[in-house]
Amino acid sequence: MASLKPDAAPGKAPAKVRFRDPQIEMAHGAGGIASRRLIEGLFAPLLLGSANEPLGDSARVEIAGAQVAITADCFVVKPLRFPGGSIGELAINGTVNDLAVSGARPQSIVATFILEAGLATEVLEAEVRAMAQAARQAGVTVAGGDTKVVEHGKADGMYITTTGVGSFLSGVHINPRSVRPGDKVLLSGPIGDHGITILLARGELDLEADLCSDTRSVFPLVEAMAIAAGPGIRWMRDPTRGGVATSLNELARDCGLGLHLNEDKIPVRDSVRGACELLGLDPLHIANEGQFLAVVAPEYADLALNALCQADGGAEAVMIGEVHQQPAGSVLITTEYGGSRIIDMLVGDPLPRIC
Amino acid sequence: MKFVDEFRDPEVITRTAEEIRRLADPNRHYRLMEVCGGHTHAIYRFGLKDILPPNIELIHGPGCPVCVLPMGRIDDGLSLAQDPDVIFSAFGDMMRVPGTQGSPLEHKARGMDVRIVYSPSDALKLAKANPDKHVMFFAIGFETTAPSSALTLMRAKAEGIRNFSLFCNHVTIIPAIRAILDSPDMRLDAFIGPGHVSTVIGCRPYEWIAKDEHKPIAVSGFEPLDLLQSIVMLLRQLKAGEAKVENQYKRVVPWEGNRAALRAMAEVFELRPYFEWRGLGFISQSALRIRDSYAEWDSEQRFSIAGVRVTDPKAAQCGEVLKGVLKPAQCKLFGRECTPEHPVGALMVSSEGSCAAYYNYEHRKAMATSLAWPA
Amino acid sequence: MCLAIPGKIVELFPGTPHLATVEVAGVRRKVDLGLLEDNLPISGDWVLIHVGFAMSKISEQDALDQMQTLMILGEDEQAMQEVRGYGLDDADDQKVS
């Protein structure tokens, strides 16, 4: 998720906290406006000193002269198992993807587990096997980890945190500030699969569909794109919690430009669409675990898109829009017939509605 | 998606918009009110204002059942659920609506058992699955939703499920339309009628709008082509100096309404003598309450509620915005103290409330300097 | 108010006539048919679903009629313009009851 790049000079005056919410709510973890406020208003000032670099998916640290990508992510999901995956796979792929979209080859992961007393061993074993399998598939090693057990009633079974390190791909420099009007916005495939799968798997809404989570490592796609169009890649992100809308809004705010999307180009599977229409949800706000967005310079955009489409698992990649000057800091989506609206970040989790 | 995609056909939309431009008299400014919050949402979602000529103004009406709910009723509902043996259930729309002590979601964060349900029948299922608890369903909605509440209570009674009750905040649409037309500041040319309410009440209840108030009304569906066709119908009526009720949404709305739904409502509900509407004040015969024959399933009769009236902050101009007298951006609190994240009034918290819709979809478009719009 | 979506009846339950499974673009949910008890739908019918209840049967014929009306919108107008020139009254269009 959001990584903090250490750029503060040592000996700087202690930073002020600007986060004024009196208590933590679920909204602060939903990946939208409230989450951003918590990160920018509390974590960043206190841990970084000053968050004047845009927050990215991984941090760049220098160790003995070498540049290394490092990131961490925590995984809290109910239910633990769902069609298409489980918390174990998410824990590996999520961190792998954060490294990948930072332009880094994921190399190694350490994992920590917070386990709830009473958790059945077979459940834990299934997750650890899933992690091992996902790591093998993603080509990363699991170098170690830690475990703590908490009382029954906490941890929803288990929480997993993974920290990953990787090496930056040469020739790829991700920086939202390098985005320019005329750049193209690419999307690797259909959106909303993961979030809707989880929503249905919880069983509270009594909906059934043949849907599964899209969890996978996107590194092979990123690598293919980097080989073909590396110098043209300005920015990438994996749109997890908060969906494509949130990721693109973060970019729009970081680069101060306007992102224009074409609604008819955005791929959404039928059943995701059906569930969203039924529940009054917008697929753009729904979490994904196996897709990524990229902004590419116009002269490289076709190369990048072709490389994605040729790569394994990239056949559904598509160009969904482009960068303009206005509306500054916002994301605008337009229909084929010329109707448009601004897409914003959500406040908290998307809620089904009846009105 | 069948019966949806056809009515979103971009080519037909473009041509219908052209027809609207042809029909609209360039020397006239049209003020059309869409009554229903679902229509407000659709207008913004489909960006319809971009393809209408500038002399057609769409005014947002008060048909948002969340928006017109006084804060005191939310407090009442939440206070009933303070008991740890009570499960508070409601539609997702209610979850972020602030009471004086916070919204249902905020109460959930503080330990109250709060559940989102898609259907009142799901709330009843919760009751069956949790015999040691009492499930309270916070019911909202106009006549579209009231029959489902009614049928759910009929089923609860028939099956003898006693640990279930409904906190009834159903309101009716005609008094709201009357209040709009009675408002001295209001100047409207025609109405886009609420399509889904009409599947229950039919088209007859709107006849007084045409006969007595001489305003055309087209009962409209919710897809872009439905709304655009309704506007075509209204413009034609206005051009011809006519005022009648037209059913644009024929594929779904029966002229006589849904008798079974009306029967269910009559069985379970009766009209309250009066009810307070946020922003509109007290309106007589405008809301439903549960009959004595179903007292056992009425949260208000089973439990005692404080019934405290909570007045909105003076600076909040929800009432004027609800009536369409003010645009959201003209309210002093809009975008400052009142945002979707920190809503002061319910018009900002409900996704179909005028203020939230305007904030989310429109105001930054309005702020952008150079934008090339299609002709 | 009123998020309601068209769905197709794909399964009925002989033991419970007021229950049916409805499908919307591959998503399935059980809905209550109690509000349509005067004219219960059969498998294959399309209904309008709101909060888990079927509100109305959808008339395919009316939907087709509507699309046809919309398709010829403007065509009539263009044809008449060619023949008679601009500035004519709206003498066309079907009156909707």
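Residues numbered from 1 in each chain as written. Chains lettered and ligands numbered in written order. Predicted model: local features only at pLDDT ≥ 70, side-chain atom pairs only at ≥ 80, totals over all residues. Heavy atoms only, no water.

A. Summary view of the overall build of chain C. Counting its regular elements, chain C contains two helices and five strands. In chain C, the succession of α and β elements from N to C terminus is β-β-β-β-β-α-α. Buried residues in chain C amount to 43% of all 97 residues. Intrachain contacts of chain C at a sequence separation of at least 6 include 31% that bridge at least 24 residues. If you sum the accessible surface of chain C, you get close to 4,800 Å²; carbon and sulfur atoms cover 52% of it. (Helix = DSSP H or I, 4+ residues; strand = E, 2+ residues; numbered from the N terminus. Buried < 20%, exposed > 50% of the residue type's maximum accessible area, 1.4 Å probe, protein only. Contact = heavy atoms within 4.5 Å. Areas by Shrake-Rupley, 256 points an atom, 1.4 Å probe, with all protein chains shown as cover.)

B. Up close: the state of the cysteines. All told, the structure shown has one disulfide over all chains when counted by the stated rule. The disulfide bridge from cysteine 64 of chain B ends at cysteine 67 of chain B, spanning 2.2 Å between sulfur atoms. Handedness here is read from the sign of the S-S torsion; for cysteine 64 of chain B and cysteine 67 of chain B, about 65°, the answer is right-handed. Since its relative accessible area comes to 3%, cysteine 64 of chain B is described here as buried. Of all cysteine sulfurs, the one in cysteine 64 of chain B lies closest to cysteine 355 of chain A, which takes part in no disulfide; the gap is 6.2 Å. You can call cysteine 355 of chain A buried: its relative accessible area is 1%. Counting only cysteine sulfurs, cysteine 355 of chain B is the nearest neighbor of cysteine 331 of chain B, a cysteine outside any disulfide, at a range of 6.3 Å. (Disulfide = S-S within 2.5 Å.)

C. Main features of the packing of aromatic side chains. Going through the model one piece at a time under the given rule, you end up with ten aromatic pairs over all chains. Chaining the aromatic ring pairs together yields one cluster made of Phe88, Phe138 and Phe167 of chain B. Its end group placed over the ring of phenylalanine 168 of chain A, arginine 60 of chain A keeps NZ or CZ at 3.7 Å from the ring centre. Across the ring face of phenylalanine 7 of chain B, the terminal group of arginine 251 of chain B is positioned such that the distance to the ring centre comes to 3.8 Å. (Phe/Tyr/Trp six-rings, centres within 6.5 Å; stacked < 30°, edge-to-face > 60°. Lys NZ or Arg CZ within 6 Å of the ring centre and 35° of its normal.)

D. Region of interest: the nonpolar core. Core analysis: the biggest nonpolar cluster contains 151 residues, and Phe138, Phe164, Tyr206 and Phe269 of chain B have the highest contact counts within it. Looking at this core element by element, the count peaks at nine residues for helix H10 (residues 224-240) of chain B. Summarising the domain contributions, this core has at least three residues from each of domain 1 (13-49 + 174-247) and domain 2 (67-173 + 257-302) of chain B. Counting residues in hydrophobic clusters, the runner-up holds 28 residues, among them Ile196, Val272 and Leu279 of chain A together with Ile49 of chain C. (Core = buried A, V, L, I, M, F, W, Y, C linked by side-chain atoms within 4.5 Å. Domains from an automatic or database assignment.)

E. Looking closely at the interface of chain B and chain C. Counting residues at the interface gives 59 residues for chain B, matched by 47 residues for chain C. Carbon and sulfur atoms supply 59% of the area that chain B and chain C bury against each other, a total of about 4,400 Å² over both sides. For the pair chain B and chain C, the number of links is five salt bridges. Its salt-bridge partner being glutamate 60 of chain C, residue lysine 2 of chain B comes within 2.8 Å of it at the nearest N-O pair. Those elements giving two or more residues to the side of chain B that touches chain C turn out to be helix H1 (10-23), helix H2 (37-45), helix H5 (120-129), helix H6 (146-159), helix H8 (195-201), H10, strand E9 (245-247) and helix H11 (259-268) of chain B. (Buried area = accessible area lost by both parts, 1.4 Å probe. Salt bridge = Lys/Arg side-chain N within 4 Å of Asp/Glu carboxyl O.)

F. Spotlight on helix H8 (residues 298-310) of chain A. Residue and element names in this part refer to chain A. The end-to-end C-alpha separation of H8 is 19 Å, in line with the 18 Å expected for 13 residues at 1.5 Å each. Within the span of H8, buried status applies to Ala301, Ala304, Leu305, Ala307 and Leu308. Considered in projection along H8, the buried side chains sweep an arc of 160° and stay on one side of the axis. For H8, the exposed residues set more than 90 degrees away from the buried face come down to Glu299, Asp302 and Gln310. (Expected span 1.5 Å × (residues − 1). Arc of directions from axis to C-beta.)

G. The interface of chain A and chain C, seen in detail. Each partner contributes residues to the interface: chain A has 17 residues there, and chain C has twelve residues. Of the roughly 1,200 Å² buried where chain A meets chain C, counting both sides, 64% is carbon and sulfur surface. When the area that chain A buries against chain C is broken down by residue, the three leading residues are Glu208, Leu278 and Ile354 of chain A, summing to 40%. Counting the contacts that link chain A with chain C gives one salt bridge. The partner of glutamate 208 of chain A in a salt bridge is arginine 28 of chain C, and the shortest N-O contact between them spans 3.9 Å. There are five residue pairs in polar contact (both at pLDDT 80 or more) connecting chain A and chain C. Considering each element in turn, the side of chain A that touches chain C owes the most residues, seven residues, to helix H7 (residues 270-279) of chain A. (Polar contact = N/O pair within 3.5 Å; in protein donor to acceptor, adjacent residues only side chain to side chain.)

H. Structural view of the sheet that holds strand E1 (residues 30-36) of chain B. All names here are of chain B. Taken in spatial order, the five strands make up an open sheet running E2-E1-E7-E8-E9, and their pairing is parallel. Of all strands in the sheet, those bounded by a partner on one side alone are strand E2 (56-63) and E9. Looking at each pair of strands side by side, their axes are set apart by 25° on average, direction ignored. Sheet topology note: the E1/E2 ladder contains six bridges and is parallel. Bridge assignment links arginine 31 to a residue of E2, and that residue is glutamate 57. (Pairing = 2+ DSSP bridges. Axes fitted to C-alpha atoms, helices over the stretch in contact; angles between N-to-C directions.)

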